Amino acid sequence: MTMSQTLQAAFNDQIQLEFSSAYTYLGMAAWCESRDLAGFARWMRAQASEETQHAMKFLDFVLERDGTITLQPIEAPSGGFSSVLDVLEQALGHEQRVTAAIGRLYGQASEEGDYSSLPLLQWFMGEQVEEEATVRQIVAELRMVGDDTSALLLLDRDMGGRRGPPPDAA
Ligand SMILES: [Fe+2]
Ligand SMILES: [Fe+2]
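What counts and what doesn't
- Residues numbered from 1 in each chain as written.
- Chains lettered and ligands numbered in written order.
- Predicted model: local features only at pLDDT ≥ 70, side-chain atom pairs only at ≥ 80, totals over all residues.
- Axes fitted to C-alpha atoms, helices over the stretch in contact; angles between N-to-C directions.
- Helix = DSSP H or I, 4+ residues; strand = E, 2+ residues; numbered from the N terminus.
- Parallel < 35°, antiparallel > 145°, perpendicular 65-115°, else oblique.
- Left-handed = near helix turned anticlockwise from the far one by under 90°.
- Nonpolar A, V, L, I, M, F, W, Y, C, P; charged D, E, K, R; others polar.
- Core = buried A, V, L, I, M, F, W, Y, C linked by C-beta atoms within 7 Å.
- Buried ≥ 20, exposed ≤ 12 C-beta atoms within 10 Å, placed from the backbone.
- Contact = placed C-beta atoms within 7 Å.

(A) The arrangement of the packing of helix H3 (residues 84-111) against helix H4 (residues 118-145) in detail. Where H3 contacts H4, the axes come no closer than 9 Å and their chain directions differ by 160°. On the basis of their axis angle, the class for H3 and H4 is roughly antiparallel. In this structure, the crossing between H3 and H4 has a hand that is left-handed. Looking at side-chain class alone, the contact of H3 with H4 contains 18 nonpolar, four polar and six charged residues.

Structure follows, in structure tokens:
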């Protein structure tokens, strides 16, 4: 069964959102790198490539379902950060918006009876739970660090080892 036009449009929107996420994380990586936070920068770069893989997963799925891909423009990310805590708080807000978007997509696919989409969307819902939990944990640790530069350096080193699933697990 081919996907409906409206569902195809929603999947195309999601592809745009995943590429936007990659772009957002890339901007965050550059910001961290320019502040000598190499570990955070590395983590953000890994996130960026994971988001690209998410976009490709949606893209491949639409094509497999004989749907049409209409790539949309990707806006420049905001880029204004006051601290590394601010970066991670914005990352969390971003992930929460992505979770909501995938939830709406799930709702739409269910309403239309497009059950073939549900396993993929279910996988993404689980992925979002993990991503939000990882980012929330880092935000909590950054709050504990506060203005302590030595603690921040230690956390940066830890981030360089990148916690959470490796990018190729997506
Ligand atoms: Fe994603
Ligand atoms: Fe994400």
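(B) The nonpolar core, seen in detail. Membership of the largest hydrophobic core comes to 37 residues, with the highest contact counts inside it found for Met28, Cys32, Phe40, Met44, Val84, Val87 and Leu88. Counting residues per element, the ones that place at least two in this core are helix H1 (5-34), helix H2 (38-64), H3, H4 and helix H5 (149-160). With eleven residues, H1 is the single largest residue contributor to this core. Apart from residues lying up to four places away in sequence, Leu88 is in contact with Val135, Ile138, Val139 and Leu142.

(C) Region of interest: the environment of Glu112. Locating Glu112 in the fold gives a position in the loop between H3 and H4. For Glu112, a count of 14 C-beta atoms within 10 Å corresponds to the partly exposed category. For the pair Glu112 and Ala38, spaced 74 residues apart in sequence, the C-alpha separation works out to 46 Å. In this structure Glu112 touches Ser4 and Leu7, once residues within four positions along its chain are discounted.

On their own, these measurements won't tell you what the molecule is for.
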